[in-house]
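These are the residues of each chain, in order.
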Amino acid sequence: MTYKNFKIIIESLERVGERSHSIYKLGVNLMDYEELYHNIITSLLNSVFDKEGKDWIDWYLYERVGFTNKVNLATDKDGNEICYDIPSLWEEVKNNLLIGK
């Protein structure tokens with residue numbers, strides 16, 4: 001996988017999440033409808049990244065920004081901030097690729 005493709009995937013998943021949240025705020029729950037799509041994306045990401053890489057991607061997409069819109073920070077063992085944007089997420093996960101190195 002290239003950084004260009006990775007960026008497109010992450011940006012697209014962010015937009016899907018934002019759309020789903022906006023629709024949910026209007027009282028429409030698409031969770032059952034989106035579950036199949038989510039399962040396909042999860043399977044594909046699991047086939048490309050090892051568990052650690054997939055965990056960082058999930059953290060970035062679903063946990064980095066909390067429900068209060070507060071950004072949660074992740075740090076490496078030396079206390080340096082990691083996974084704060086797409087390029088830094090790529091730096092963290094690119095060595096966790098199973099295929100397409």
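Worth saying up front: this structure is predicted, and the values here are computed from it rather than measured.

Criteria and thresholds
Residues numbered from 1 in each chain as written. Predicted model: local features only at pLDDT ≥ 70, side-chain atom pairs only at ≥ 80, totals over all residues. Heavy atoms only, no water. Phe/Tyr/Trp six-rings, centres within 6.5 Å; stacked < 30°, edge-to-face > 60°. Helix = DSSP H or I, 4+ residues; strand = E, 2+ residues; numbered from the N terminus. Lys NZ or Arg CZ within 6 Å of the ring centre and 35° of its normal. Salt bridge = Lys/Arg side-chain N within 4 Å of Asp/Glu carboxyl O. Buried < 20%, exposed > 50% of the residue type's maximum accessible area, 1.4 Å probe, protein only.

Asks: Go over the packing of aromatic side chains with me, naming the residues and quoting the values.
Replies: In total, this model carries four aromatic pairs according to the counting rule given. Seen from their ring centres, Trp-56 and Trp-59 are 5.8 Å apart, and the 80 degrees between their planes marks the pair as edge-to-face. In this pair, Trp-56 and Trp-59 are both assigned in helix 3 (residues 51-63), three residues apart and thus about one turn of the helix distant. Through successive ring pairs, a cluster of aromatic residues spans Tyr-3, Phe-6, Phe-49 and Trp-90. The ring of Tyr-60 has Arg-64 lying over it, and the distance from NZ or CZ to the ring centre is 4.1 Å.

Asks: Tell me about the pattern of salt bridges, and name the residues and values.
Replies: Summed over the entire model, instances satisfying the criterion amount to six salt bridges. With a closest N to O distance of 2.8 Å, Lys-51 and Asp-55 form a salt bridge. Of this pair, Lys-51 and Asp-55 both sit in helix 3, four residues apart, which is roughly one turn of that helix. A salt bridge links Asp-58 to Lys-54, with the shortest nitrogen-to-oxygen separation between them at 2.7 Å. Here Asp-58 and its partner Lys-54 are both found in helix 3, four residues apart, which amounts to about one turn of the helix. Residue classification places Asp-58 among the partly exposed positions, given a relative accessible area of 21%.

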